[in-house]
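# Notes for the structure review
Listed below are the residues making up each chain.
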Amino acid sequence: MKIAVTGGAGFIGSAFVRHWVKNHPQDQLINIDKLTYAGNLENLKEVEKNQNYKFLKADIADTQAMLKALDKVDTLINFAAESHVDRSITDPNPFIETNIKGTAVLLEAARENKVKKIVHFSTDEVFGALSLDSKKKFNATTAHNPRSPYAASKAAAEDIARAYANTYDLPLIILNVSNNYGPFHFPEKLIPLAITNAMEDKEIPVYGDGLSVREWTHVEDTALATEVAIAKGVIGETYLIGTEEELPNIQVLKKILKILNKPESLLKTVKDRLGHDRRYALDSSKARKELGWSQKYDFDKGLAMTVEWFKNNTDWWKRVKSGSYQDYYKQQYEVSQE
Ligand code: NAD
Ligand code: TYD
């Protein structure tokens, strides 16, 4: 099988690529990534020399490049996106370009190339926000109600994908995934930012009252959910992937400080995020029942492993924080690709 992954140099995409390349040596995998600030080829060192792995630097919004890249591809996994809510509040434009236009271009190229299965990565954030005092959860039939430019761009991408499935029989599976955490997480998101700041004895910004609630899935569990969606997912279906373990941000931060033996005085309340979504919660029973997926790691175990990984990989995150990780592409690829 030939499998194409977009956004495979990012956090979740690279976890999936590392897993797939190691566990499916008979498949050819092509990783298509534009290498924005969030794309880091150092995340793929473990597999970059494997015979069944190939990297292509390209933008999913580039029609000609996508038509060519998807030639003879059987399965496409679309991870590529602008993914950080705070950046979308500062400037929504790249979100509209990549998440909406890029998805549309990619799907059209997949249609032209008659790709047999497409797994499109979406988020719980498309469904809007739940209140802290409700017991409600999102499920596959919950209507979209996005509240940030990021969430709106992801909702639009999903709508385009569904329209293609309905109109052109595009063989589509959608995964709405909860917040992820784990190794190689870019340190602008809450958990890696807190771990690395705490390790450097720097303050950790707590937005507002710190009581917003998220459901955290370990990235390796998401890679396994993707693998099982490729194998068993029913074309046309949507699956929600989450641990069903909800946690207020402040509790997450206190757990990190406890593991690192750092004082809670590092927590610093800052101005709340504009339009901050209070709570996300996913009903993942469909994925559990129909795909047979369940998480391997509960949050305490996964968090302890993640903190350990950041302790053992200070070079990686220091290079990310300083920006020097972007030199790696030049060393590894630029010469050979031009
Ligand atoms: P990320 O920001 O870490 O990585 C995104 C990757 O996409 C990067 O490698 C980047 O270079 C690449 N990319 C961006 N624009 C591109 C373009 N125009 N063409 C080609 N490549 C491009 O993101 P992530 O956290 O790994 O998220 C992966 C997917 O999962 C996204 O679709 C995101 O919306 C979704 N998601 C993420 C989370 C989470 O907690 N991280 C939760 C739910 C859903
Ligand atoms: P984030 O990791 O950006 O993910 P998302 O916004 O997609 O859920 O943020 C997770 C939660 O943590 C969210 O409620 C915002 C909050 N947060 C902080 O309190 N401080 C921070 O520095 C960041 C980045 C996030």
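Now for a description of the structure that goes with this document. (Residues numbered from 1 in each chain as written. Chains lettered and ligands numbered in written order. Predicted model: local features only at pLDDT ≥ 70, side-chain atom pairs only at ≥ 80, totals over all residues. Heavy atoms only, no water.)

## Some remarks on empty space enclosed by the protein
All chains considered together, the criterion is met by one cavity of 30 Å³ or more. Around the largest cavity sit Val85, Glu125, Ser148, Arg214, Arg273, Gly275, His276, Asp277 and Tyr280, which together line it. The residue inventory of the lining of the largest cavity, partitioned by class, reads two nonpolar, three polar and four charged. (1 Å grid on protein atoms, 1.4 Å probe; cavity = no way out; pocket = protein on both sides within 12 Å on 5 of 7 lines; lining within 4 Å. Points joined across faces, edges and corners; volume = space filled by probe spheres on them. Nonpolar A, V, L, I, M, F, W, Y, C, P; charged D, E, K, R; others polar.)

## Some thoughts on the nonpolar core
The nonpolar side chains of soluble globular proteins are, as a tendency, buried together. In this structure, Phe16, Val17, Leu29, Leu41, Ile77 and Leu175 are the most contacted members of the largest nonpolar core, which totals 32 residues. Residues in contact with isoleucine 77, not counting those within four places in the same chain, are Ile3, Ala4, Val5, Thr6, Phe16, Val119, Phe121, Thr226 and Ile230. Core analysis: the next-biggest nonpolar cluster, separate from the first, contains 28 residues, Ile191, Ile256, Phe299 and Leu303 among them. (Core = buried A, V, L, I, M, F, W, Y, C linked by side-chain atoms within 4.5 Å. Buried < 20%, exposed > 50% of the residue type's maximum accessible area, 1.4 Å probe, protein only. Contact = heavy atoms within 4.5 Å.)

## Examining the sheet that holds strand E3 (residues 53-57)
Spatially, seven strands are ordered E3-E2-E1-E4-E5-E6-E10 in an open sheet, and the strand pairing comes out parallel. The open sheet is flanked by E3 and strand E10 (238-241), the only strands paired with a single partner. This sheet shows a mean twist of 20° between the axes of neighbouring strands, independent of strand direction. Strand direction decides the pairing type here: strand E1 (residues 2-6) and strand E2 (residues 28-33), joined by five bridges, are parallel. (Pairing = 2+ DSSP bridges. Helix = DSSP H or I, 4+ residues; strand = E, 2+ residues; numbered from the N terminus. Axes fitted to C-alpha atoms, helices over the stretch in contact; angles between N-to-C directions.)

## Topic: the site of ligand 2
Around ligand 2 sit 17 residues, and of these Glu125, Pro205, Arg214, Arg273 and His276 come closest. A distance of 2.9 Å is found between an oxygen atom of ligand 2 and a backbone nitrogen or oxygen belonging to tyrosine 207. Here an oxygen atom of ligand 2 and a side-chain polar atom of asparagine 249 are 2.9 Å apart. For ligand 2, whose free accessible area comes to 510 Å², the fraction covered by protein is 96%. (Near = heavy atom within 4 Å. Polar contact = N/O pair within 3.5 Å; in protein donor to acceptor, adjacent residues only side chain to side chain. Areas by Shrake-Rupley, 256 points an atom, 1.4 Å probe, with all protein chains shown as cover.)

## Overview of the pattern of salt bridges
One pass over the full model with this rule turns up 21 salt bridges. Taking the shortest distance from any N to any O, the salt bridge between aspartate 71 and lysine 72 comes out at 3.5 Å. On the accessibility criterion, lysine 72 (63% relative accessible area) is exposed. The salt bridge partner of glutamate 108 is arginine 111, with a shortest N-O separation of 3.4 Å. Taken as a pair, glutamate 108 and arginine 111 lie in helix H4 (residues 93-112) at a separation of three residues, close to a single helical turn. The class of arginine 111 is partly exposed, set by a relative accessible area of 31%. Through salt bridges with shared partners, one network takes in Lys137, Glu244, Glu246 and Arg279. (Salt bridge = Lys/Arg side-chain N within 4 Å of Asp/Glu carboxyl O.)

## With respect to the packing of aromatic side chains
For any two aromatic rings, the description comes down to two numbers: the centre-to-centre distance and the angle of the planes. Going through the model one piece at a time under the given rule, you end up with 13 aromatic pairs. Their ring planes at 35° and their centres at 5.5 Å tell us that phenylalanine 16 and tryptophan 20 sit as a pair that is tilted. Note that phenylalanine 16 and tryptophan 20 are positioned in helix H1 (residues 11-23) at a spacing of four residues, about one turn of the helix. The class of phenylalanine 16 is buried, set by a relative accessible area of 0%. Measuring from ring centre to ring centre gives 5.7 Å for phenylalanine 16 and phenylalanine 79, while their planes differ by 45°; the resulting arrangement is tilted. Here phenylalanine 16, found in helix H1, pairs with phenylalanine 79, found in the loop between strand E4 (75-78) and helix H3 (85-90); they are 63 residues apart in sequence, far enough to count as distant. Residue classification places phenylalanine 79 among the buried positions, given a relative accessible area of 11%. (Phe/Tyr/Trp six-rings, centres within 6.5 Å; stacked < 30°, edge-to-face > 60°.)

## Here we look at the sheet that holds strand E11 (residues 246-248)
What the three strands build is an open sheet, ordered E7-E9-E11; its pairing is mixed. Each edge of the open sheet is held by one strand with a lone partner, namely strand E7 (179-181) and E11. Between one strand and the next, the sheet's axes are offset by a mean angle of 50°, whatever the strand orientation. Strand direction decides the pairing type here: strand E9 (residues 213-218) and E11, joined by three bridges, are antiparallel. Paired with glutamate 215 across the two strands is glutamate 246, which belongs to E11. Relative to the sheet, helix H8 (residues 249-260) contacts E9 and E11, its axis offset from that of E11 by approximately 80°.

## Observations concerning the site of ligand 1
If you check the shell around ligand 1, you find 29 residues, and the closest are Ile12, Asp33, Ser83, Tyr150 and Lys154. Backbone polar atom of glycine 10 to an oxygen atom of ligand 1: 2.9 Å apart, as the coordinates give it. The backbone of isoleucine 60 places a nitrogen or oxygen atom 2.9 Å from a nitrogen atom of ligand 1. Compared with its free state, where it exposes 830 Å², ligand 1 has 97% of that area covered by protein. Of all elements in the fold, only H1, strand E5 (117-123), helix H5 (149-168) and E7 reach the threshold of two or more residues within the shell around ligand 1. For the shell around ligand 1, a count of residues per class yields 13 nonpolar, twelve polar and four charged.

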